[in-house]
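Listed below are the residues making up each chain.
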Amino acid sequence: QVQLVESGGGLVQAGGSLRLSCAASGRTFSSYAMGWFRQAPGKERQFVARVSRSGSNTYYADSVKGRFTISRDNAKNTVYLQMNRLKPEDTAVYYCAADSGNYGNRASPQDYEYWGQGTQVTVSS
């Protein structure tokens, strides 16, 4: 079992920045690739970013590429999502997730075994 707890969400104006954190406990954190997803009201859960077990490989959705950065600190059992130049369309509940597979980019929610409870990000125009 892996327990994931997100933090760092909030209300920000368009063009601003937020940094999300996801703290993991349980089994060895470095055994999991980690992802961030988001879900807006009435929409499906959407892939945002993924980082490999070591942190050396990262993948992004086209909609956030160049604005968001995913990283991890295996010593702190934490994964981060730095979000810059935020837009109103980034408004959603953001979830972190853990994937025991380490096969390049996996963008489907079904590939991830463990999920956090989510943190709300609201970007005002």
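Above: the structure in question.
Residues numbered from 1 in each chain as written. Predicted model: local features only at pLDDT ≥ 70, side-chain atom pairs only at ≥ 80, totals over all residues. Heavy atoms only, no water.

Draft legend 1. Looking closely at the pattern of salt bridges. Per the stated rule, a full pass over the model turns up five salt bridges. Between Asp-99 and Arg-50 there is a salt bridge; the shortest N-O distance is 2.9 Å. Of this pair, Asp-99 sits in strand β9 (residues 92-99) while Arg-50 sits in strand β5 (residues 46-51), placing them 49 residues apart in sequence. This pair shows no difference in class: Asp-99 is buried, exactly as Arg-50 is. A salt bridge links Arg-106 to Asp-99; the nearest nitrogen and oxygen atoms lie 2.8 Å apart. In terms of burial, Arg-106 and Asp-99 fall into one category: buried. Look at the salt bridges and you will find they share partners, linking Arg-38, Arg-67 and Asp-90 into a network. (Salt bridge = Lys/Arg side-chain N within 4 Å of Asp/Glu carboxyl O. Helix = DSSP H or I, 4+ residues; strand = E, 2+ residues; numbered from the N terminus. Buried < 20%, exposed > 50% of the residue type's maximum accessible area, 1.4 Å probe, protein only.)

Draft legend 2. Highlighting the pairing of strand β4 (residues 33-39). Most of β4 sits out of view: six of its seven residues are buried. Both β4 and β9 contribute to a ladder of seven bridges, which runs antiparallel. When the bridges of β9 are listed, Arg-38 appears paired with Tyr-94. The turn linking β4 back onto β5 is made up of six residues, and Gly-42 within it adopts a positive phi angle of 80 degrees. (Pairing = 2+ DSSP bridges.)

Draft legend 3. Representation of the nonpolar core within the structure. Residues Leu-4, Met-34, Trp-36, Leu-81, Met-83 and Tyr-94 are the most contacted members of the largest nonpolar core, which totals 34 residues. Elements with a minimum of two residues in this core: β1 (2-7), β3 (18-26), β4, β5, β7 (68-73), β8 (78-83), β9 and β11 (119-124). Dropping the residues within four chain positions of it, Tyr-94 is found in contact with Glu-6, Leu-20, Trp-36, Phe-37, Arg-38, Val-48, Phe-68, Leu-81, Met-83, Gly-118, Thr-119 and Val-121. (Core = buried A, V, L, I, M, F, W, Y, C linked by side-chain atoms within 4.5 Å. Contact = heavy atoms within 4.5 Å.)

Draft legend 4. Representation of the environment of Asn-77 within the structure. Note that Asn-77 resides in the loop between β7 and β8. Each C-alpha atom, one on Asn-77 and one on Phe-29, is 5.7 Å from the other, the two residues being 48 residues apart in sequence. Here Asn-77 is in contact with Cys-22, Ala-23, Ala-24 and Phe-29, once residues within four sequence places are set aside.

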